[in-house]
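These are the residues of each chain, in order.
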Amino acid sequence: MPNANRGSVGFQSNEFEQEYERPSKSELKRQMEELQKLGAQLVAEPRDRVKRVPMPDEVKDAILMCQTITNHEGRRRQLQYVGKMMRTLSEEEVAVIQRTIDSWKGASKAETAALHALERRREKLLSDDKALTELLSEHPELDVQHLRTLIRNARKEQAENKPPKAYRELFQILKELGKQDKQASSDEESDDDESDDE
């Protein structure tokens, strides 16, 4: 039979627990491992990107040195040193580095999505004649005859399994149009900003 008075001795069970002002050892170790991973991400990036990241020169030099080391054990030790140097950074500096890396990931995803959209448009041009009419209505400055020739040659290349010269040229034209559209939209935004200021 259970004792009804058990646990009711006049004090709470958490009354004698110590409260710590600082993080636990496990939490500190997790933070150190996160900084180590952040340093490893920077080591994996191209040198010119790393040079543009806002961080102290000692940390940047350690990362650039690690990129030049090819020996496995030497690289491992240098990565440990990079982690040690990363722990000397303030929270604000770490946050800036993390935002920079995140922006690289976002930019590359956006570029990939844009290229996929261009590829879909090229495929639509090859499969549907109405797509050319739509493209010309959006960009009347294009040379209609040249585009028709490219589309015809690209279809012929695909049918005969020839190298895709016209297919690639068509993609390059679409890519240039995309750049022009992006430039035009950014110009309009800057004009809107200027008119707002006035």
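Overview of the structure. (Residues numbered from 1 in each chain as written. Predicted model: local features only at pLDDT ≥ 70, side-chain atom pairs only at ≥ 80, totals over all residues. Heavy atoms only, no water.)

1. Points about the packing of aromatic side chains
For any pair of aromatic rings, geometry is given as the distance between the ring centres together with the angle between the planes.
Here is step 1: Applying the stated criterion across every chain yields a total of zero aromatic pairs.
Here is step 2: Over the aromatic face of Tyr-167 sits the side chain of Arg-122, whose NZ or CZ is 3.7 Å from the ring centroid. (Phe/Tyr/Trp six-rings, centres within 6.5 Å; stacked < 30°, edge-to-face > 60°. Lys NZ or Arg CZ within 6 Å of the ring centre and 35° of its normal.)

2. Describing the pattern of salt bridges
Here is step 1: Considering all chains together, one arrives at eight salt bridges under this definition.
Here is step 2: With its nearest N and O atoms 2.9 Å apart, the salt bridge here joins Arg-121 to Glu-138. With Arg-121 in helix α5 (residues 91-127) and Glu-138 in helix α6 (residues 129-138), this pair connects stretches of sequence that are 17 residues apart.
Here is step 3: On the basis of relative accessible area, Arg-121 is assigned to the partly exposed category, the value being 28%.
Here is step 4: One continuous salt-bridge network, built from bridges that share partners, spans Glu-73, Arg-76 and Arg-77. (Salt bridge = Lys/Arg side-chain N within 4 Å of Asp/Glu carboxyl O. Helix = DSSP H or I, 4+ residues; strand = E, 2+ residues; numbered from the N terminus. Buried < 20%, exposed > 50% of the residue type's maximum accessible area, 1.4 Å probe, protein only.)

3. A short note on the packing of helix α1 (residues 25-44) against helix α4 (residues 72-86)
Here is step 1: The contact between α1 and α4 brings their axes to 8 Å, and the two run at 120°. With respect to each other, α1 and α4 are oriented oblique. Considering the relative orientation of α1 and α4, their crossing is right-handed. Contacts between α1 and α4 involve Leu-35, Gln-36, Leu-38, Gly-39, Ala-40, Leu-42 and Val-43 from the former and Arg-75, Leu-79, Gln-80, Val-82, Gly-83 and Met-86 from the latter. (Axes fitted to C-alpha atoms, helices over the stretch in contact; angles between N-to-C directions. Parallel < 35°, antiparallel > 145°, perpendicular 65-115°, else oblique. Left-handed = near helix turned anticlockwise from the far one by under 90°. Contact = heavy atoms within 4.5 Å.)

4. Topic: unusual backbone geometry
Here is step 1: Non-glycine residue Asn-161 carries a positive phi angle of around 55°.
Here is step 2: With respect to the helices, strands and loops of the structure, Asn-161 is situated in the loop between α7 (144-160) and α8 (165-197).

5. As for the layout of surface pockets
Here is step 1: By volume, the largest pocket amounts to about 320 Å³.
Here is step 2: Forming the boundary of the largest pocket are Glu-111, Ala-114, Leu-115, Ala-117, Leu-118, Arg-121, Lys-175, Gly-178, Lys-179 and Lys-182.
Here is step 3: Counting only elements with at least two residues in the lining of the largest pocket, the list comes to α5 and α8.
Here is step 4: Among the elements that make up the lining of the largest pocket, the one with the highest residue count is α5 (six residues).
Here is step 5: Among the residues making up the lining of the largest pocket, the classes are represented as four nonpolar, one polar and five charged.
Here is step 6: Each pocket or cavity is described by its volume, and for the second largest pocket that value is around 210 Å³.
Here is step 7: Taken together, Leu-28, Gln-31, Met-32, Leu-35, Arg-87, Leu-89, Ser-90, Glu-91 and Val-94 make up the lining of the second largest pocket.
Here is step 8: When residues in the lining of the second largest pocket are grouped by element, the largest group, four residues, is from α1.
Here is step 9: Each residue belonging to the lining of the second largest pocket can be placed in one class, and the counts come to five nonpolar, two polar and two charged. (1 Å grid on protein atoms, 1.4 Å probe; cavity = no way out; pocket = protein on both sides within 12 Å on 5 of 7 lines; lining within 4 Å. Points joined across faces, edges and corners; volume = space filled by probe spheres on them. Nonpolar A, V, L, I, M, F, W, Y, C, P; charged D, E, K, R; others polar.)

6. Some details on the side chain of Gln-36
Here is step 1: Counting through the fold element by element, Gln-36 comes out in helix α1.
Here is step 2: Of the polar contacts made by the side chain of Gln-36, one reaches the backbone oxygen of Leu-79; its length is 2.8 Å.
Here is step 3: Once you skip the residues sitting within four places of it in the chain, Gln-36 turns out to touch Leu-79, Gln-80, Gly-83 and Arg-87. (Polar contact = N/O pair within 3.5 Å; in protein donor to acceptor, adjacent residues only side chain to side chain.)

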